[in-house]
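What follows is the residue order along each chain.
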Amino acid sequence: MTSFNRSTSRRLKKLTQIPSVWEGDRRPLSSSQTHNSDLEAKGECILWVDGSQGIVRGMDVVAAETGPEAIVRTLMRAMEHPHSPAKPARPQRIVVKDREIQFYLRGVLQDLDIAIDYVPELPLIDELFRGFTDILDSQVPDLPPQYAQALREKAFAIWQAAPWELLEEQQILSIEINKWDVGTLYASVMGMLGMEYGILLYRSEESLKRFRATVLTEDESQGHLEEAFLKQDCLFLTFESADDIDEDDDEDDDEEFGDLADLPLSEIEPTFGNIHPLEGLRSVLYDEEALVVLVALESLNRFIRDHRRQLSDDTFPTLSRRYRIPLPESSDEPTKSLPVTVCSMPQLAAELEEIGGFDVEDDDMESESTPMFQSLRDDLIPEDSFLSLGVVSWEMLEYLHQGAKYHKTGEITQAGDGLPVILIQTSRPKAKTVISNIEEAGGLKAICFNPGADPFDGKGYDLGLLQTENGELFLFGEFEDDDPIHVEARKKWNQRCKNTKGYCGLIIAKGLTGASRGNPQLRDMMALFEARFLSPNDLGIGTLQLMPQLQFE
């Protein structure tokens, strides 16, 4: 039998011995009802209670297979570092209701002058465990047990259908159910930007519009965003990593697990819940809500399957399909199936885009003179990217032509020290998304720097812009125009562009969190887009006024 070191025994004997009787026990953390398997997996609870004062001095939860040493470790903490308001001390007497624990403690504690006795009942600990059991038994499961498996299956079917590859958040699908006090749900698909994946099922069109209008016009403080979030009226399904993998852990993780969509199905965990202005957020579905979500997900999955080709077009088409969705046999519904109609809502999508300022002249950045200027977007380059202005030697350029995705724009005069480039370094999955988005826009047409001004603080900025072949402008960087480092970098950039007769390039690289952060090697460079360099006069949009813009997840 393991015993204390002599020094440990001497230290414990120095503790004041109080005339108290302590109860000790070790019991499984289990409930008598529906949660047995989940709770038993959490292990066993060890409790040490001062029966004379009626306070818990020490408590631990350990794995069921942990040896008897654990009860002694908890007892030591109960003596030396007890829970407040107890003070360090050792008892005169300990009582337990397990003969094995009694004999074990007698052997270990024999030098501490503590009597170890057996009793058939431990009233204080029994009462505490009854309270624990009542709490555990009263807990509502996240999903109704009779629908849990079906809901998970529907969720995984949605994950594999990947509707976010086809639909943007503002491209809403209506799902007419007319059952369980639900008329029509309005489904918004999250995930096209690779940030968060899921389905929001709004109970009203008004709630959807109100939320989007609020977050795009209110103060961008965390408090305002949280308030707007909690005022939604919707059911939701979101997807997370089962192991909470952080994409920024190291470069290997960045390569393999940077985006949730790159994880295997076994690593994906669906989460269901409800948001309501008066209820707030809860990750629990009750019976009728579970049935609503089941029907909505099944009909949504069928609609995506039937109209995948039409939804993959550049335009959001007008589509409608009626389905008869079977209800689970475990439900108490008198009918075995439910008629459901799913429709696309291009008119609502256009309204939401207008709310977001995607297609109006008065956008987040307004121009003094905008004859050809529609909007400026900032959703192309990930926020946490590393950005730099630099140059690629002509020799390395030849290697890039061979080893990376290469988009040529013309015959470049090889003059000076190399091709001036904008380098964007991010994670591999995000880099792939950036490259794909540029390619879908027809490629990169031009890189330009344009003056900007903040009317609120009077500061001037040099705004880095990317123009794609479809005419869209994307912000890739905001630089204070009096920053000496940027001023010097711009001077070199302008001279190099002059040497190349107005040609430059954009390099998209991976390896943001690895050893090559800020200095990507050739193997990290995934794409090179050659482009023309435009001056502010060439661009012709005037000084842009910076306006507050909200971003939310």
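Look up: the structure comes first, before these words.
All values reported here derive from a predicted model rather than from experimental measurement. (Residues numbered from 1 in each chain as written. Predicted model: local features only at pLDDT ≥ 70, side-chain atom pairs only at ≥ 80, totals over all residues. Heavy atoms only, no water.)

### A closer look at the overall build of the chain
Now for step 1: Within the chain one finds 16 helices and 24 strands.
Now for step 2: Contacts spanning at least 24 positions in sequence make up 68% of the contacts within the chain whose residues lie at least 6 apart. (Helix = DSSP H or I, 4+ residues; strand = E, 2+ residues; numbered from the N terminus. Contact = heavy atoms within 4.5 Å.)

### A closer look at the packing of helix 1 (residues 6-13) against helix 3 (residues 69-80)
Now for step 1: The contact between helix 1 and helix 3 brings their axes to 11 Å, and the two run at 40 degrees. Judged on the interaxial angle alone, helix 3 and helix 1 are oblique. Between helix 1 and helix 3 the crossing geometry is left-handed. Of the residues in helix 3, those touching helix 1 at Thr8, Arg11 and Leu12 are Met76, Met79 and Glu80. (Axes fitted to C-alpha atoms, helices over the stretch in contact; angles between N-to-C directions. Parallel < 35°, antiparallel > 145°, perpendicular 65-115°, else oblique. Left-handed = near helix turned anticlockwise from the far one by under 90°.)

### Some thoughts on the pattern of salt bridges
Now for step 1: Summed over the entire model, instances satisfying the criterion amount to 28 salt bridges.
Now for step 2: Among the ionic pairs, aspartate 117 bridges to arginine 93, the shortest N-O distance being 2.6 Å. Here arginine 93 lies in strand 4 (residues 90-96) and aspartate 117 lies in strand 5 (residues 115-118), a separation of 24 residues in the sequence.
Now for step 3: Taking relative accessible area as the criterion, arginine 93 reaches 31% and is therefore assigned partly exposed.
Now for step 4: For glutamate 298, the salt bridge identified is with lysine 154, shortest N-O distance 3.0 Å. With glutamate 298 in helix 10 (residues 287-306) and lysine 154 in helix 6 (residues 145-161), this residue pair connects regions lying 144 residues apart in the sequence.
Now for step 5: A relative accessible area of 15% places glutamate 298 in the buried class.
Now for step 6: One salt-bridge network, held together by shared partners, links Arg203, Asp233, Glu279, Arg282 and Glu289. (Salt bridge = Lys/Arg side-chain N within 4 Å of Asp/Glu carboxyl O. Buried < 20%, exposed > 50% of the residue type's maximum accessible area, 1.4 Å probe, protein only.)

### With respect to unusual backbone geometry
Trans peptide bonds make up most of the peptide bonds, and negative phi angles are found at most residues other than glycine.
Now for step 1: Following serine 84, the chain continues to proline 85 via a peptide bond in cis, the omega torsion being 10 degrees.
Now for step 2: In this model, lysine 501 sits at a positive phi of 65 degrees, which is unusual for a non-glycine residue.
Now for step 3: With respect to the element layout, lysine 501 can be found in the loop between helix 15 (484-499) and strand 22 (503-509).
Now for step 4: For lysine 501, a relative accessible area of 56% puts it in the exposed group.

### Details of the nonpolar core
Now for step 1: By size, the foremost hydrophobic cluster in this structure holds 52 residues, and its most contacted members are Leu151, Ile175, Ile177, Leu201, Phe239 and Phe272.
Now for step 2: When residues in this core are grouped by element, the largest group, 11 residues, is from helix 10.
Now for step 3: If we skip the residues at most four places from it in the chain, leucine 201 touches Ile175, Leu185, Tyr186, Ala187, Asp233, Cys234, Leu235, Val293 and Ala296. (Core = buried A, V, L, I, M, F, W, Y, C linked by side-chain atoms within 4.5 Å.)

### Things to note about helix 13 (residues 394-403)
Now for step 1: Among the residues making up helix 13, those that are buried are Trp394, Leu397 and Leu400. End-on, the buried residues of helix 13 take up no more than an arc of 100 degrees, which puts them together on one face. For helix 13, the exposed residues set more than 90 degrees away from the buried face come down to Glu395, Gln402 and Gly403.
Now for step 2: The inward-facing, buried residues of helix 13 contact strand 16 (386-392), strand 18 (419-425), strand 22 and strand 23 (525-534). (Arc of directions from axis to C-beta.)

### Structural notes on the environment of valine 434
Now for step 1: Within the secondary structure, valine 434 is located in helix 14 (residues 428-440).
Now for step 2: A relative accessible area of 1% means that valine 434 is categorised as buried.
Now for step 3: Linking valine 434 and alanine 527, residues 93 residues apart in sequence, is a C-alpha distance of 9.9 Å.
Now for step 4: Every residue in contact with valine 434, bar those within four places of it in the chain, is listed here: Leu380, Ile381, Pro382 and Ile508.

### Side note on the packing of aromatic side chains
Now for step 1: Tallying each qualifying case throughout the model produces 9 aromatic pairs.
Now for step 2: Here the aromatic rings of tryptophan 164 and phenylalanine 239 are separated by 5.9 Å at their centres, their planes lie at 70 degrees, and the arrangement is edge-to-face. With a gap of 75 residues between them, tryptophan 164 in the loop between helix 6 and strand 6 (173-179) and phenylalanine 239 in strand 9 (residues 234-241) connect regions that are remote in the sequence. Each of the two residues, tryptophan 164 as well as phenylalanine 239, counts as buried.
Now for step 3: Ring centres 6.3 Å apart and planes at 50 degrees place the aromatic pair phenylalanine 449 and phenylalanine 479 in the tilted group. Taken together, the residues phenylalanine 449 in strand 19 (residues 444-453) and phenylalanine 479 in strand 21 (residues 473-480) connect sequence positions 30 residues apart.
Now for step 4: For phenylalanine 449, a relative accessible area of 1% puts it in the buried group.
Now for step 5: Here phenylalanine 479 falls in the buried class, since its relative accessible area comes to 16%.
Now for step 6: Within the aromatic cluster, the residues linked to one another by ring pairs are Phe449, Phe476, Phe479, Trp493 and Phe533.
Now for step 7: For arginine 99, the ring lying beneath its charged end belongs to tyrosine 118, and the centroid distance is 3.7 Å.
Now for step 8: Just above the ring of tyrosine 503 sits the side chain of arginine 532; from NZ or CZ to the centre is 4.2 Å. (Phe/Tyr/Trp six-rings, centres within 6.5 Å; stacked < 30°, edge-to-face > 60°. Lys NZ or Arg CZ within 6 Å of the ring centre and 35° of its normal.)

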